[in-house]
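Structure at a glance
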Amino acid sequence: MKQTLARLQWAVMALLLCFSAASLAATGKPNPELDRLNASLSALDNDPALADLGALERLKARQAVTQFVTAKGKTREQALFVANKRVETAQVAAQAELLANQAEQLDRERDQIMLQASRRDADMARREAEQLRIQNMARQEETERLSQAVDDERAAREQSNADAQLSSAQAAQARKLADARAREVDLARKEAELASILASDNVSDGDALPPMQRRGASMVYTLAGNSFASGSAMLTSSALSSLNKLAAILRSGQGNIRIEGFTDSQGADAANIALSQRRANAVMVALRAGGLSAARLRASGKGKAQPVADNGSEAGRARNRRVEIIVN
Amino acid sequence: MTLSTLKIHMVLAFLLASTSVWAAEPPAAELSAAQMAIAQAERASPKGTAAQSLQIAKSAFTEAQALNDKRKYKDAASLAYRAQVMAELAKAQAELANARMDVDEKSARNADLRRQLLVNTER
């Protein structure tokens, strides 16, 4: 019995060895499916673009290949199918992940484009602002230049006005100078005329001008009392001639002429006033006859007023009897 | 160990093995996993980009269900796993197609943006 059991045990061991040998023989045989699967996985691993992608699916594929290696009998066909599909899935998943990464990259690229566009817009806005600033500066400079031109023009105009005023003043001055020269010439002429008259006076003392004296701004010609007949207002011929020459001199003037008659203190005042008035009137008529305008002449009788000498003596009374021709 | 004892052991081992085959459970987990994988593949492929693989997965799943109904649980489990593997392949193919379309669209969009925003503003 023991020998039978020992033979059975040996037979079982032999059977196991046979199985093992068969298995070893099977693994040693060429396996094109396994080679193809491993080649596919190696290609996937060695692809630089896909090497790190689809990790989960790649793991499942390796597990499936391993199961295919160890699968036997009826399960071998199922394991091969699964391994093929898992490897294919790993390849597809890696490519899908690669494309997904590319899509993300495209999103980032889109963001970069938008950012670049924004920067470009900002740059353009900055450039436009700078251009506007420069244009503004140019406009300001133009405005200042125009303002300066206006100021210059105004200054030139003012200068021109000043020149014109100066010219006008110079012209006025020249006119005044010309007038002064004309007056000077006129005065010279009058002086010559006066000298001529005076020269003619020297010929005959009876035709001499009445004596003249200055009283303030006025010239006072005094016609002595002997120019009239005693107690009368009739001028002597000598006095008339003298007044005629005086009128010739006074014609060139423009001032008013007062004619005032005076008497001595003898006699009634009323009579003296009346006599002095008549004598003044007579002188006025003589001067008008000599060519003087009546508008310039005014005659008045003062009587014994304003004596110039002592009425106590004949010589004094003779001096008080007079007619004064006051030229303003 | 006597010969009779060995015979008894062998008979018991045979019976144990037979019991384990005939008493196999329905492959509910495999069927469920396959069904879930098919649903995911369908969601990933709304435009039918992986129609062929998905169709194979669905056919395998249908056949697995039929075998399951016939209590051929081992074959049903095997086919359900095939259906799951095919569905996962279909999902990966759909994702690849979607990613390719996405890349194409975004490339075109970027080119358009570049032309509109950058090239047209060149002065």
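Residues numbered from 1 in each chain as written. Chains lettered and ligands numbered in written order. Predicted model: local features only at pLDDT ≥ 70, side-chain atom pairs only at ≥ 80, totals over all residues.

Moving on, we get to the overall build of chain B. Regarding its fold elements, chain B presents four helices and zero strands. Traced from its N-terminal end to its C-terminal end, chain B shows the element sequence α-α-α-α. When contacts within chain B are restricted to residue pairs at least 6 apart in sequence, long-range pairs at least 24 apart make up 73% of them. (Helix = DSSP H or I, 4+ residues; strand = E, 2+ residues; numbered from the N terminus. Contact = placed C-beta atoms within 7 Å.)

Before going further, it helps to spend a moment on the environment of Ala79 of chain A. Residues and elements named next belong to chain A. In this structure, Ala79 sits in helix H4 (residues 74-203). Assessed through the 20 C-beta atoms surrounding it within 10 Å, Ala79 is described here as buried. Once the C-alpha coordinates of Ala79 and Phe68 are considered, the two residues, eleven residues apart in sequence, prove to be 4.8 Å apart. Those residues in contact with Ala79 that lie beyond four places of it in its chain are Gln67, Phe68 and Ala71. (Buried ≥ 20, exposed ≤ 12 C-beta atoms within 10 Å, placed from the backbone.)

Another aspect to go through is the interface of chain B and chain A. Contact residues are listed per partner, giving 28 residues for chain B and 28 residues for chain A. Only helix H1 (3-22) and helix H4 (73-119) of chain B provide two or more residues apiece to the side of chain B that touches chain A. Element by element, the count of residues in the side of chain B that touches chain A is highest for H4 of chain B, at 23 residues. When grouped by side-chain class, the residues that make up the side of chain B that touches chain A number 14 nonpolar, six polar and eight charged. (Nonpolar A, V, L, I, M, F, W, Y, C, P; charged D, E, K, R; others polar.)

All right, on to the pairing of strand S2 (residues 218-224) of chain A then. Residues and elements named next belong to chain A. Sheet analysis places strand S1 (residues 212-215) next to S2, joined by four bridges and oriented antiparallel. Residue pairing for S2: Arg215 is matched across the bridge by Ser218. As consecutive antiparallel partners, S1 and S2 are separated by two residues, and within that stretch Gly216 has a phi angle of approximately 65 degrees, a positive value. (Pairing = 2+ DSSP bridges.)

The next thing to look at is the confidence of the model for chain A. Residues and elements named next belong to chain A. Confidence in the prediction for chain A averages 84 pLDDT; 85% of positions are at 70 or higher. Least confident of the elements in chain A is helix H1 (residues 2-28), whose mean pLDDT is 45; most confident is strand S3 (residues 257-262), at 95. Taken together, the stretch residues 9-26 has pLDDT below 50 and engages in zero contacts with residues farther than four places along the chain or on a different chain. (pLDDT = per-residue confidence, 0-100.)

When a protein is soluble and globular, its nonpolar side chains tend to lie buried together. Within the largest apolar cluster, 45 residues are counted, with the highest numbers of intra-cluster contacts made by Ala41, Ala57, Ala80, Ala83 and Ala87 of chain B. Put simply, the parts of the chain that give this core at least two residues each are helix H2 (32-46), helix H3 (55-70) and H4 of chain A together with helix H2 (28-44), helix H3 (51-69) and H4 of chain B. For Ala80 of chain B, the residues in contact, after removing those within four places along its chain, are Pro27, Glu30, Leu31, Ala34, Phe61 and Ala64 of chain B. In this structure, Ala239, Leu243, Leu246 and Ile257 of chain A belong to the second largest nonpolar core, which totals 23 residues. (Core = buried A, V, L, I, M, F, W, Y, C linked by C-beta atoms within 7 Å.)

Among the structural elements, Asp269 of chain A can be located in helix H6 (residues 269-289). Beyond its immediate chain neighbours, meaning those up to four positions away, Asp269 of chain A contacts Gly303 and Lys304 of chain A.

What follows covers unusual backbone geometry. Outside of glycine, negative phi angles account for most residues, and trans bonds account for most peptide bonds. Phi at Gln306 of chain A is positive, roughly 50 degrees, even though this residue is not glycine. With respect to the element layout, Gln306 of chain A can be found in the loop between strand S4 (297-303) and helix H7 (314-320). Non-glycine residue Arg71 of chain B carries a positive phi angle of around 65 degrees. Relative to the helices and strands, Arg71 of chain B resides in the loop between H3 and H4. With 10 C-beta atoms counted inside 10 Å, the residue Arg71 of chain B sits in the exposed group.

Next up on the list: H3 of chain B. Residues and elements named next belong to chain B. Helix length check: H3, at 19 residues, gives a terminal C-alpha distance of 27 Å against a target of 27 Å (1.5 Å per residue), a fit within 8%. Restricting attention to buried positions, one finds in H3 the residues Ser53, Leu54, Ala57, Ala60, Phe61, Ala64 and Asn68. Seen end-on, H3 carries its buried residues on one side only, within an arc spanning 125 degrees. Every exposed residue of H3 that faces more than 90 degrees away from the buried side is listed here: Gln52, Thr62 and Asp69. Considering only its buried residues, H3 is in contact with H2 and H4. Just downstream of H3, Arg71 is the residue with a positive phi angle, here 65 degrees. (Expected span 1.5 Å × (residues − 1). Arc of directions from axis to C-beta.)

So, about the sheet that holds S1 of chain A. All names here are of chain A. The five strands lie next to each other as S1-S2-S5-S3-S4, forming an open sheet whose pairing is mixed. Strand pairing shows two members of the sheet lacking a second neighbour, S1 and S4, which therefore form its edges. Averaged over all neighbouring strand pairs, the angle between strand axes comes to 25 degrees, with direction disregarded. Sheet topology places S3 next to S4; six bridges connect them, and they run parallel. Counterpart to Glu260 in the pairing with S4 is Ser300. H6 contacts S2, S3, S4 and strand S5 (322-327) of the sheet and is inclined by roughly 155 degrees relative to S4. (Axes fitted to C-alpha atoms, helices over the stretch in contact; angles between N-to-C directions.)

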